[in-house]
Amino acid sequence: MDDYGNELPAVTRQQINERFDKGSERMAAIERELGKTRQELHELKQQLADLLEFFTAMRGAFKVLNWVGKVAKPVAYVVMLGTAMLGFWTAVRAGGGR
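Residues numbered from 1 in each chain as written. Predicted model: local features only at pLDDT ≥ 70, side-chain atom pairs only at ≥ 80, totals over all residues. Heavy atoms only, no water.

S.K.: Give me the lowdown on the overall build of the protein chain, citing residues and values where you can.
M.R.: Within the protein chain, the secondary structure is distributed over one helix and zero strands. Out of the 98 residues in the protein chain, the part that is buried amounts to 0%. Surface summary for the protein chain: the accessible area is close to 9,800 Å², and the carbon and sulfur share equals 63%. (Helix = DSSP H or I, 4+ residues; strand = E, 2+ residues; numbered from the N terminus. Buried < 20%, exposed > 50% of the residue type's maximum accessible area, 1.4 Å probe, protein only. Areas by Shrake-Rupley, 256 points an atom, 1.4 Å probe, with all protein chains shown as cover.)

What follows is the structure, encoded as structure tokens:
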């Protein structure tokens, strides 16, 4: 008898082994679940890397389009000037000033 009131209940070796077996089964299940979770995280990481690569490429494409837009404006002015001069030259040659 325990005088302090904190005596542990008597357990048999069989009960202890059963608890260890249950703990081992539980640990094995946790390890399997952890393996699945790691695989899912790896797949998600790969998908996110692909998505990041896509967005990086799109940012580069928008930079190029911005440059094309900056160049297109002056080129359009030069083409309009050339068209106006060609129209003026054609009018002068045809005698449109009479």
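Still more ground to cover, so stick around.
S.K.: Just give me the short version of helix H1 (residues 13–93), but keep the residues and values in it.
M.R.: Because each turn of an α-helix spans 3.6 residues, side chains separated by three or four positions in sequence point in the same direction. Taking 1.5 Å as the rise per residue, H1 with 81 residues should run 120 Å; its terminal C-alpha atoms sit 117 Å apart, in good agreement. A positive backbone phi angle near 75° is found at glycine 95, which sits one or two residues after H1. (Expected span 1.5 Å × (residues − 1).)

S.K.: Tell me about a nonpolar patch on the surface, and name the residues and values.
M.R.: Together, Leu41, Leu44, Leu48, Leu51, Phe54, Phe55, Met58, Phe62 and Leu65 line one region of the surface with nonpolar side chains, adding up to about 920 Å² of accessible area. Relative to the elements of secondary structure, leucine 48 occurs in helix H1. (Patch = residues over 30% accessible without salt bridge, like charges linked within 9 Å, V, L, I, M, F, W, Y side chains within 5 Å. Salt bridge = Lys/Arg side-chain N within 4 Å of Asp/Glu carboxyl O.)

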